[in-house]
Amino acid sequence: MNILILGSGGREYSIGRALKKDEAVDKLYFAPGNGATNELGENLSIKDYHDLADFAIANNIDLTIVGPEAPLVDGVVDIFKAKGLTIFGPSKEAAQLEGSKVYMKNFLAKYEIPTARYIETGLIEEAFKFIMTLEAPIVVKADGLCGGKGVIIAMSHDEAKKAVSEMLSGKSFGDAGKKVIVEEFLDGYELSMFAICDGDDFILLQAAQDHKRLLDGDQGPNTGGMGAYAPTPLVDDALYEKVKDRVIRPTLNGMKAEGAPFEGVLFIGIMVVNGEPITLEFNVRFGDPECEILMPLLKTPASELFYKAATKQLDTLNVEFSDEYAVGVVMASKDYPYSSTPPAEIVVDEIVHEDIRANTHISYAGVSSDDEGKLYADGGRVLVCVGLGESIQKARDRAYALCGQVHFAGKKLRTDIAYQAL
Ligand code: AMP
Ligand code: GLY
């Protein structure tokens, strides 16, 4: 099987890494990929989605997997399917579950899927009036994609009003903020769950926990995620069943009823409040760094999972997961998440300890390479050190042991990944 992966992050690297080990896979391509994915396959510099589809036809690509949300929201799946290609990801319409928070919240309300009490509006007076019915903190969200920055947790009514004013005036997020969601703040613990969907059926992967803040103890600014672990002991079988029955099943049925069956990864951001799962948001793709820890826990060949999902055959798949735990620690560049950082060479020490060598690996993200194959940290989140083990403690110790062997100027990491589980 020849497979094309769209994207350039650690998420796409980890999918490629899983496919590389898969006997059914012949050739792997990345578009655009990063400075390390060319070790797993071939990087393509084609940007236009129609040109990429033509490349897929000309090169006998059997399956395309889309990593990030932007191409999905742009409709890459529709373009590929119109040319008869097999592609794993939601249609442009189904991608609205992530592309528009207004669409998502109205969908949740229509199909009675538990979510925070909210209003959606483009009118400032209406937003202000609703704000006054809530107690602080108050959550204000821009409708469109804002690169993970469109959610403000306001600590006072005035702060919430200011956030609304800045969004609606177009000052903070341009057109993405022309409509807003104002909603109640939910107090609980947060989980990331991922369902691989084929429109009708789904496979729920192990629940993960992300660490969104930059600094230890969940302090500092929000980031794309500084580390993750799975499976989390914060979820028991009863909670998995509740998420399946109350969130995933009604979402798949609802999207079919809307004429936009959901195929691809349904990423459910959940807040568990008094033992009950409340949907915070949907994304229509894998989380990053969650993907980097879930891929190594998959025992079923990755090509089989993604191909069956893309061809409506999930009902014939008996998926198997490893019984280990995975912990991923992100190493980011010096100025993340504020600005880019000049390239810095990455040096990985030879790992002499057999136990560490056998149970850890790196998923590369923001890296470039030179002609000699040297890798450079290229800004943003640079790489993820992943450790596996029979306990979270063991997996975590190994991930941090690997972190100690990886060097680049300005490297930044949290030292408390998985603390909630220990
Ligand atoms: P979202 O992009 O909607 O997931 O929001 C980003 C982050 O904001 C989430 O991961 C939560 O940590 C937080 N958040 C969003 N909505 C709420 C809410 N209603 N109550 C509490 N925290 C929230
Ligand atoms: N790690 C969270 C995300 O990918 O959105």
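Presented here is an overview of the structure given in this document. (Residues numbered from 1 in each chain as written. Chains lettered and ligands numbered in written order. Predicted model: local features only at pLDDT ≥ 70, side-chain atom pairs only at ≥ 80, totals over all residues. Heavy atoms only, no water.)

### Things to note about the site of ligand 1
Argument step 1. Close to ligand 1 lie 15 residues; Glu183, Leu186, Glu190, Lys212 and Glu281 are nearest.
Argument step 2. Here a nitrogen atom of ligand 1 and a backbone polar atom of Leu186 are 2.8 Å apart.
Argument step 3. With respect to ligand 1, the side chain of Glu281 contributes an N or O atom lying 2.7 Å from an oxygen atom.
Argument step 4. For the shell around ligand 1, the elements supplying multiple residues, two or more each, are strand E7 (138-142), strand E8 (151-154), strand E9 (180-184) and strand E17 (276-283).
Argument step 5. In terms of residue class, the shell around ligand 1 is built from eight nonpolar, no polar and seven charged. (Near = heavy atom within 4 Å. Polar contact = N/O pair within 3.5 Å; in protein donor to acceptor, adjacent residues only side chain to side chain. Helix = DSSP H or I, 4+ residues; strand = E, 2+ residues; numbered from the N terminus. Nonpolar A, V, L, I, M, F, W, Y, C, P; charged D, E, K, R; others polar.)

### Quick look at the pairing of E7
On a regular strand, each side chain points to the face opposite its neighbour's, so the side chains alternate between the two faces of the sheet.
Argument step 1. Burial analysis of E7 places five of its five residues in the buried class, the great majority of the element.
Argument step 2. Judged by which residues are buried, E7 turns out to be covered on both faces: Ile138, Val140 and Ala142 on one side and Val139 and Lys141 on the other are all buried.
Argument step 3. Looking at chain direction, E7 and E8 are connected through four bridges and run antiparallel. Among the inter-strand pairings, Val139 is bridged to a residue of E8, identified as Ile153.
Argument step 4. Both E7 and E9 contribute to a ladder of five bridges, which runs antiparallel. Residue pairing for E9: Lys141 is matched across the bridge by Ile181. (Buried < 20%, exposed > 50% of the residue type's maximum accessible area, 1.4 Å probe, protein only. Pairing = 2+ DSSP bridges.)

### Structural notes on unusual backbone geometry
Argument step 1. Geometrically, the link from Ala31 to Pro32 is a cis peptide bond, its omega value of 0° lying close to zero.
Argument step 2. As for its placement among the helices and strands, Pro32 is situated in strand E2 (residues 28-32).
Argument step 3. With an omega dihedral of 20°, the bond running from Asp288 to Pro289 counts as a cis peptide bond.
Argument step 4. With respect to the secondary-structure elements, Pro289 resides in the loop between E17 and helix H10 (290-294).

### Concerning helix H2 (residues 49-58)
Argument step 1. Looking only at H2, the buried set comprises Leu52, Ala53, Phe55 and Ala56. All buried residues of H2 project into a common sector of 155° when viewed along the axis, lining one side.
Argument step 2. For H2, the elements touching its buried residues are strand E1 (3-7), E2 and helix H4 (76-82).
Argument step 3. At the N-terminal boundary of H2, the capping side chain belongs to Asp48, with an oxygen 2.9 Å from the backbone nitrogen of His50.
Argument step 4. Asn60 lies just past H2 and shows a positive phi near 50°. (Arc of directions from axis to C-beta. Contact = heavy atoms within 4.5 Å.)

### Quick look at the site of ligand 2
Argument step 1. Around ligand 2 sit Asp210, Gly224, Phe267, Arg285, Gly287, Asp288, Pro289 and Glu290, and that is every residue in its neighbourhood.
Argument step 2. Within the side chain of Arg285, a nitrogen or oxygen atom sits 3.0 Å from an oxygen atom of ligand 2.
Argument step 3. Protein burial of ligand 2: of its 200 Å² of free accessible surface, 87% is covered by the chains.
Argument step 4. Tallied by class, residues from the shell around ligand 2 come to two nonpolar, two polar and four charged. (Areas by Shrake-Rupley, 256 points an atom, 1.4 Å probe, with all protein chains shown as cover.)

### Quick word on the environment of Pro301
Argument step 1. As for its position among the elements, Pro301 is in the loop between H10 and helix H11 (302-310).
Argument step 2. Linking Pro301 and Ala18, residues 283 residues apart in sequence, is a C-alpha distance of 7.9 Å.

### Re the sheet that holds strand E5 (residues 87-88)
Strand pairing in a sheet takes place through backbone hydrogen bonds and is either antiparallel or parallel in direction.
Argument step 1. Strand order in the open sheet made by the five strands is E3-E2-E1-E4-E5, with parallel pairing throughout. If you trace the sheet from one side to the other, it starts and ends with strand E3 (42-43) and E5, each paired once.
Argument step 2. Helix-sheet contacts for helix H1 (residues 10-20) involve E1, E2 and strand E4 (63-66), and the interaxial angle to E1 is about 165°. (Axes fitted to C-alpha atoms, helices over the stretch in contact; angles between N-to-C directions.)

### Brief notes about the side chain of Arg285
Argument step 1. Following the sequence through the fold, Arg285 ends up in the loop between E17 and H10.
Argument step 2. Assessed through its relative accessible area of 13%, Arg285 is described here as buried.
Argument step 3. Looking at Arg285, its side chain comes within polar contact range of the side chain of Glu98, at 3.2 Å.
Argument step 4. Among the polar contacts listed, one links the side chain of Arg285 to the side chain of Asn283, at a separation of 3.4 Å.

### Regarding the pattern of salt bridges
Argument step 1. One pass over the full model with this rule turns up 28 salt bridges.
Argument step 2. Lys101 is the partner of Glu281 in a salt bridge, and the nearest nitrogen-oxygen pair spans 3.6 Å. Taken together, the residues span a long stretch of sequence, with Glu281 in strand E17 and Lys101 in helix H6 (residues 101-110) at a distance of 180 residues.
Argument step 3. For Glu281, a relative accessible area of 16% translates into the label buried.
Argument step 4. Looking at Lys101, the relative accessible area reads 13%, which means it is buried.
Argument step 5. Where Asp175 meets Lys178, a salt bridge forms, and the shortest distance between an N and an O atom there is 3.5 Å.
Argument step 6. Take Lys178: its relative accessible area is 41%, and that puts it in the partly exposed class.
Argument step 7. The structure contains a network of salt bridges with shared partners spanning Glu69, Glu98 and Arg285. (Salt bridge = Lys/Arg side-chain N within 4 Å of Asp/Glu carboxyl O.)

### As for a nonpolar patch on the surface
Argument step 1. Together, Val151, Ile153, Met155 and Phe185 make up a nonpolar patch on the protein surface, roughly 340 Å² of accessible area in all.
Argument step 2. The topology assignment puts Phe185 in the loop between E9 and strand E10 (189-198).
Argument step 3. A relative accessible area of 34% places Phe185 in the partly exposed class. (Patch = residues over 30% accessible without salt bridge, like charges linked within 9 Å, V, L, I, M, F, W, Y side chains within 5 Å.)

### Focus: the nonpolar core
Generally speaking, soluble globular proteins have nonpolar side chains that are buried together.
Argument step 1. Counting residues in each nonpolar core, the largest one holds 71 residues, and the members touching the most others are Ile196, Phe286, Phe306 and Leu383.
Argument step 2. Leu6, Phe55, Val73 and Phe262 belong to the second largest nonpolar core, which has 48 residues in total. (Core = buried A, V, L, I, M, F, W, Y, C linked by side-chain atoms within 4.5 Å.)

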